[in-house]
Amino acid sequence: MARLDLISPFLNEAQAAQAFISLVAKFEAEVGRRFGLTVHKILVDDGSTDGSAEIFASGLTGSWEIVRLSRNFGKEVAVLAGLDRVGGDYVLIMDADLQHSIEIGLKLLAELLGDPNVDVVYAKTDRSDSSWRRSQLARVFYRLINSSQRFDIPANAGDFRAMRAAVAHAISKLRDKRRFNKGLYAWAGFRQKAVVYSPEPRAAGSSKWSRLDLIAFSLEGLTSFSAVPLRILTLFGLLTAIGGGAVGVKVLFEVLFYGIAVPGYPSLLVAVVFLGGLNLALLGLVGEYVWVAVSESKDRPVYVVRDVISAPEPVKPKARPETSSA
Ligand code: UDP
Ligand code: MG
């Protein structure tokens, strides 16, 4: 019987845990009935401190494992920890906070299993109701990030996706430490298909993303998938230099041939402060890229596993350095 691995990362979801457990039981029954698949649940505890792992462990039925990371590594990395342990034929990644409905989960699977020419089916959020400013910002971001590569990162597509095991294995080979999953899914390629959906409102707890987190995450995406900001920078520097040179020539001309005194210090100050500020900002941007290079060059594992609890029988981790318990 073919097997589906359900991957769900969680961080302090004690409030949602019970509901998630019953949802998964319903999902499992439905998956067996409709597609004839068995379900193995891989939950990744991304450093929870509210006892959610214990709640999941005492409530989950059937075949499951909970991979407990040694601390909080972030959702992107927690998903990787799940992908590393895939042993079945299909994979579905789903949040544990009840924002991903099982109906959509089933739909993703139905699309995947029903079409041999599709390897990945991802849920794409319907952003038509978000503010104009937000959607414009998102558009600029994706334009920027997609302007210099051979693959496109689709907007509003996240980790909620179903895929064949081969895709999961390909993605778990990508050991980026600063992970931008959307980009990695796109990089891996395969034949992908979208299903549009609206996420459920959060039933309990709160989103772990602050506005600052989002900005930092976007920067991560940009610096690991695009060199365009650097090129804009170079171009801007060049243009400024040419402009400055032209003004210099003009001033020289006026002094030599017309004897016009150079009106000094305000314009000088403006130029110095403007260029100085710009220099600092752009140096910071270059620093972001250097930081990516530095963190990727350190030979650290992407995450560390504290332990794995499982049922019905202990599951042996695969021989990968990252998945060995520290
Ligand atoms: N999550 C995680 N590690 C983190 C942050 C979040 O494993 O550092 C989990 C969280 O418990 C949830 C999923 O990732 O199951 C999505 O997180 P969240 O709801 O905060 O993100 P959003 O839905 O707002 O994108
Ligand atoms: Mg959520």
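The present account deals with the structure reproduced in this document.

Criteria and thresholds
- Along each chain, residues carry numbers from 1 onward, in the same order as the chain's sequence is written.
- Whichever chain is written first becomes A and whichever ligand is written first becomes 1, with later ones labelled in order.
- With pLDDT at 70 or above as the cut-off, local features in this predicted model cover only qualifying residues; side-chain atom pairs require 80 or more to be listed or tallied, and sums for whole chains, interfaces and linings still use all residues.
- The basis for every side-chain value is the complete set of heavy atoms in the structure, and neither hydrogens nor water enter the calculation.
- Patches in this entry comprise residues that are over 30% relatively accessible and not in a salt bridge; like charges within 9 Å are linked, as are nonpolar side chains (Val, Leu, Ile, Met, Phe, Trp, Tyr) within 5 Å.
- Areas reported here follow the Shrake-Rupley algorithm with a probe of radius 1.4 Å; residue values treat only the protein chains shown as occluding.
- By salt bridge we mean one thing: a side-chain nitrogen of Lys or Arg within 4 Å of a carboxyl oxygen of Asp or Glu.
- Segments assigned H or I by DSSP are reported as helices when at least four residues long, segments assigned E as strands when at least two residues long, and all are numbered from the N terminus.
- Here's how the labels work: a residue is buried when its accessible area is under 20% of the maximum for its type, exposed when over 50%, partly exposed in between, all with a 1.4 Å probe on protein chains only.
- Pairing of aromatic rings covers Phe, Tyr and Trp, the last through its six-membered ring, and needs centres within 6.5 Å; plane angles under 30 degrees mean stacked, over 60 mean edge-to-face, and all others mean tilted.
- Two thresholds decide whether a charge sits over a ring: the Lys NZ or Arg CZ must be within 6 Å of the ring centre and within 35 degrees of the ring normal.
- The nearness test applies per residue and asks whether one of its heavy atoms lies within 4 Å of the molecule or strand.
- Polar contacts, as used here, are pairs of N or O atoms within 3.5 Å; protein pairs need one atom able to donate a hydrogen and one able to accept it. Residues neighboring in sequence count only if both atoms are side-chain atoms.
- Classification convention: Asp, Glu, Lys, Arg as charged; Ala, Val, Leu, Ile, Met, Phe, Trp, Tyr, Cys, Pro as nonpolar; all other residues, Gly among them, as polar.
- Two strands pair if DSSP finds at least two bridges between them.
- Interaxial angle, 0 to 180 degrees, is taken between N-to-C directions of lines fitted to C-alpha atoms, where a helix line uses only the stretch in contact.
- Should an angle lie under 35 degrees it is considered roughly parallel, over 145 roughly antiparallel, and from 65 to 115 roughly perpendicular; all remaining angles are considered oblique.
- What makes a crossing left-handed is the near helix being turned counterclockwise from the far one by less than a right angle; a clockwise turn instead makes it right-handed.
- Any two residues having at least one pair of non-hydrogen atoms within 4.5 Å are treated as being in contact.

1. Looking at a nonpolar patch on the surface
Now for step 1: Where nonpolar side chains cluster on the molecular surface, the patch consists of Leu252, Phe253, Val255, Leu256, Phe257, Tyr258 and Ile260 and spans about 780 Å² of accessible area.
Now for step 2: Relative to the assigned elements, Phe253 resides in helix H9 (residues 228-258).
Now for step 3: Owing to a relative accessible area of 43%, Phe253 belongs among the partly exposed residues under this scheme.

2. Considering the packing of aromatic side chains
Now for step 1: Enumeration according to the criterion identifies eight aromatic pairs in this entry.
Now for step 2: Relative to Phe56, the ring of Phe10 lies with its centre 4.6 Å away and its plane at 50 degrees, an arrangement referred to as tilted. Here Phe10, found in strand E1 (residues 3-10), pairs with Phe56, found in helix H2 (residues 52-59); they are 46 residues apart in sequence, far enough to count as distant.
Now for step 3: Members of the aromatic cluster, joined through ring pairs, are Phe141, Tyr142, Phe180 and Phe217.
Now for step 4: Lying across the ring of Phe73, Arg71 places its NZ or CZ 3.8 Å from the centre.

3. Some details on the site of ligand 1
Now for step 1: The environment of ligand 1 is made up of 16 residues, and the closest members are Glu13, Asp46, Asp97, Ser207 and Lys208.
Now for step 2: For ligand 1, an oxygen atom lies 2.9 Å from a polar atom in the backbone of Leu11.
Now for step 3: One nitrogen or oxygen atom from the main chain of Ala96 is found 3.1 Å from an oxygen atom belonging to ligand 1.
Now for step 4: Here ligand 1, which alone exposes 520 Å², has 85% of that area covered by the protein.
Now for step 5: Partitioned by chemical class, the residues of the shell around ligand 1 number five nonpolar, four polar and seven charged.

4. Points about the sheet that holds strand E6 (residues 157-164)
Now for step 1: On the basis of which strands lie adjacent, the open sheet formed by eight strands has the order E7-E5-E6-E4-E1-E2-E3-E8 and mixed pairing. Looking at the sheet topology across the chains shown, the edges are occupied by strand E7 (192-197) and strand E8 (305-311). Within this sheet the neighbouring strands show an average axis-to-axis angle of 20 degrees, counted without direction.
Now for step 2: Bridge analysis of strand E2 (residues 38-45) against strand E3 (residues 63-69) gives six bridges, and the strand direction is parallel. Counted as the bridge partner of Ile42 is Glu65 from E3.

5. Brief notes about the packing of helix H1 (residues 14-35) against helix H4 (residues 102-114)
Now for step 1: In contact at an axis separation of 10 Å, H1 and H4 are set at 25 degrees when each is read in the N-to-C sense. Classified by the angle their axes make, H1 and H4 are roughly parallel. Helix-helix and strand crossings are classified by hand; for H1 and H4 the assignment is right-handed. Here H1 contributes Leu23, Lys26, Phe27, Glu30, Val31, Arg34 and Phe35 to the contact with H4, which in turn contributes Ile102, Gly105, Leu106, Leu109, Ala110 and Leu113.
Now for step 2: Here the residues of the contact of H1 with H4 sort into nine nonpolar, one polar and three charged.

6. Remarks on unusual backbone geometry
Now for step 1: Although it is not a glycine, Leu98 adopts a positive phi angle of roughly 70 degrees.
Now for step 2: You can see Leu98 is positioned in the loop between strand E4 (90-93) and H4.
Now for step 3: Of note in this structure, Asn156 is not a glycine but carries a positive phi near 60 degrees.
Now for step 4: Topologically, Asn156 is positioned in the loop between helix H5 (132-146) and E6.

7. Description of the environment of Lys124
Now for step 1: With respect to the element layout, Lys124 can be found in strand E5 (residues 120-125).
Now for step 2: Dropping the residues within four chain positions of it, Lys124 is found in contact with Ala155, Asn156, Ala194, Val195, Val196 and Tyr197.

8. With respect to the pattern of salt bridges
Now for step 1: By the definition in use, this model includes 14 salt bridges.
Now for step 2: Among the ionic pairs, Glu65 bridges to Arg85, the shortest N-O distance being 2.5 Å. Here Glu65 is found in strand E3, whereas its partner Arg85 is found in the loop between helix H3 (75-83) and E4, with 20 residues between them in sequence.
Now for step 3: Exposure remark for Arg85: the relative accessible area of 8% places this residue in the buried category.
Now for step 4: Between Lys250 and Glu254 there is a salt bridge whose closest N-O contact spans 3.3 Å. In this pair, Lys250 and Glu254 both sit in helix H9, four residues apart, roughly one turn of the helix.
Now for step 5: Lys250 sits in the partly exposed class, given a relative accessible area of 49%.
Now for step 6: Sharing partners across several salt bridges, the network here consists of Glu54, Arg68 and Asp307.

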